[in-house]
Amino acid sequence: MLIVDDDNEIRELLGSYLGQNGYETLSLESGEQLIKQLQTTQIDLIILDLMMPGEDGFSLCRRVRIDSDVPIIMLTASAEETDRIVGLELGADDYVAKPFNPRELLARIKAVLRRSRSAGTSGSKGRYFCFSEWRLDTVNRDLIGCSGEVIPLSGADYNLLLLFLENPNKVLNRDDLLGATRGRESSPYDRSIDVQLSRLRQRLGEDAKDPHIIKTVRGSGYVLSVEVEREM
């Protein structure tokens, strides 16, 4: 697990606390070190500070997502919801606001890793979910179109789509979606799930005004309204 933060106190605090809880960590102070480390080491999760000198967390998240779907939890001292939304749009799997309780971060880490590992084993009943004109590859975690084009998915996008595909024609409310993708209930002002749904619909080529794959059920939630099949 990588801890990427320019604040030495936070790196030491998290390294010590996570080590006491059984996690092997490596602390880095810059984005350049992060990119170099990813080229040589298999990483199961990145804790990434948003506001760092030089290349910030937004840019680093975007660069990591080009070649990797490693789970990313962003740390942000900003109270702006916009920053959290942008982080999710770029492919972060969760976010924690500074100052934070290390126990809360530990719980988020466990939830993200649990979802990531669960998603990685979903191919045991068949590698592909086939729906509409798409296939979801549960091994490579890619979305494949009818003409063979491959669309990489972030961890959050993959988990959200997988939840719908495992529950076709079932209405899922906001708490269902946030519980499965972020491990917590939604608040009245939490718009992160709306951002994820909008991004996922764009990946699927949906008309935002008249989607036919993931439909909105007014006052209830959302439903995957197409047939789903499993293939090896």
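Numbering of residues starts from 1 in every chain and runs along the sequence as written. With pLDDT at 70 or above as the cut-off, local features in this predicted model cover only qualifying residues; side-chain atom pairs require 80 or more to be listed or tallied, and sums for whole chains, interfaces and linings still use all residues. To get the side-chain values, take all heavy atoms of the structure and skip hydrogens and water.

Some words on the packing of helix 4 (residues 81-89) against helix 8 (residues 192-203)
Then comes step 1: As a rule, the C-alpha atoms of each element are fitted with a line to give its axis, helices using only the stretch in contact, and angles between N-to-C directions run from 0 to 180 degrees. A helix here means a DSSP run of H or I that spans at least four residues, while a strand means a run of E at least two residues long, and both kinds are numbered starting from the N terminus. Taken N-terminus to C-terminus, the directions of helix 4 and helix 8 make an angle of 30 degrees; their axes are 10 Å apart at the nearest point. Two packed elements cross with a definite hand, and for helix 4 against helix 8 that hand is right-handed. Residue-level contacts link Ile-85, Leu-88 and Glu-89 of helix 4 to Ser-192, Val-195 and Arg-199 of helix 8. Left-handed describes a crossing whose near helix is turned anticlockwise from the far helix through less than a right angle; right-handed describes the clockwise counterpart. In what follows, a contact means two residues having at least one pair of non-hydrogen atoms within 4.5 Å.

Notes on the side chain of Asp-157
Then comes step 1: Relative to the assigned elements, Asp-157 resides in helix 6 (residues 155-166).
Then comes step 2: Overall, Asp-157 belongs to the buried group, its relative accessible area being 0%.
Then comes step 3: Between N or O atoms, a polar contact is any pair within 3.5 Å; within protein, one atom must be a potential hydrogen donor and the other a potential acceptor, and residues adjacent in sequence are included only when both atoms are from side chains. For Asp-157, the side chain forms a polar contact with the side chain of Arg-199, separated by 2.7 Å.
Then comes step 4: Contacts of Asp-157, omitting those with residues within four sequence positions, involve Gln-196, Arg-199, Leu-200 and Arg-203. Accessible area is worked out with a 1.4 Å probe on protein chains only. A residue is then buried under 20% of its type maximum, exposed over 50%, and partly exposed in between.

Topic: the nonpolar core
Then comes step 1: With 26 residues, the main nonpolar core has Phe-131, Phe-164, Leu-177 and Ile-214 as its most contacted residues.
Then comes step 2: Counting only elements with at least two residues in this core, the list comes to strand 6 (128-131), strand 7 (134-137), helix 6, helix 7 (174-182), helix 8 and strand 11 (221-224).
Then comes step 3: Tallying contributions element by element places helix 6 first for this core, with seven residues.
Then comes step 4: Excluding residues within four positions of it along the chain, Leu-177 makes contact with Leu-160, Leu-163, Phe-164, Leu-172, Ile-193, Leu-197 and Tyr-222.
Then comes step 5: Grouping buried Ala, Val, Leu, Ile, Met, Phe, Trp, Tyr and Cys residues that are joined through side-chain atoms within 4.5 Å yields what is termed a nonpolar core. Ranked by size, the runner-up nonpolar core spans 19 residues in total, among them Leu-2, Leu-28, Ile-35 and Ala-92.

Quick notes on the sheet that holds strand 4 (residues 72-76)
Then comes step 1: Two strands pair if DSSP finds at least two bridges between them. Taken in spatial order, the five strands line up as 2-1-3-4-5 in an open sheet, and their pairing is parallel. Two strands lie at the open edges of the sheet, namely strand 2 (26-28) and strand 5 (94-97), each paired on one side alone. For this sheet, the mean inter-axis angle between neighbouring strands, taken without regard to orientation, is 20 degrees.
Then comes step 2: As paired strands, strand 1 (residues 2-4) and strand 3 (residues 46-49) are joined by three bridges and run parallel to one another. Paired with Leu-2 across the two strands is Ile-46, which belongs to strand 3.
Then comes step 3: Of the strands in this sheet, strand 1, strand 2, strand 3 and strand 4 touch helix 1 (residues 8-20), which is tilted by about 160 degrees from strand 1.

Thoughts on helix 1
Then comes step 1: Given the number of residues in a helix, its expected span is that number minus one, multiplied by 1.5 Å. Spanning 13 residues, helix 1 covers 18 Å between terminal C-alpha atoms, matching the ideal 18 Å at 1.5 Å per step.
Then comes step 2: All of the buried residues in helix 1 are Ile-10, Arg-11, Leu-14, Gly-15, Tyr-17 and Leu-18.
Then comes step 3: Capping the start of helix 1 is the job of one residue whose side-chain oxygen sits 2.9 Å from the backbone nitrogen of Glu-9: Asp-7.
Then comes step 4: One or two positions beyond helix 1, positive phi appears at Gly-22, with a value near 90 degrees.

Structural notes on the pattern of salt bridges
Then comes step 1: We define a salt bridge as a contact between a side-chain nitrogen of Lys or Arg and a carboxyl oxygen of Asp or Glu at a distance within 4 Å. All chains considered together, the criterion is met by 13 salt bridges.
Then comes step 2: In this structure, Arg-63 and Glu-55 form a salt bridge, with 2.8 Å as the shortest nitrogen-oxygen distance.
Then comes step 3: Residues Asp-137 and Arg-127 are paired through a salt bridge, measuring 2.8 Å at the closest nitrogen-oxygen approach. On the criterion of sequence distance, the pair formed by Asp-137 in strand 7 and Arg-127 in the loop between helix 5 (102-120) and strand 6 is long-range, its members being 10 residues apart.
Then comes step 4: Residue Asp-137 is classed as buried on the basis of its relative accessible area of 3%.
Then comes step 5: Connected through salt bridges with shared partners, the residues Asp-5, Asp-49 and Lys-98 form a single ionic network.

Focus: the environment of Arg-135
Then comes step 1: Among the secondary structure elements, Arg-135 is positioned in strand 7.
Then comes step 2: For Arg-135, a relative accessible area of 31% puts it in the partly exposed group.
Then comes step 3: Sequence-wise, Arg-135 and Pro-211 are 76 residues apart; in three dimensions their C-alpha atoms are separated by 18 Å.
Then comes step 4: Not counting chain neighbours up to four residues away, the residues in contact with Arg-135 comprise Tyr-128, Phe-129, Cys-130, Asp-142, Leu-143 and Ile-144.

By themselves, these observations are geometric and do not establish any function.
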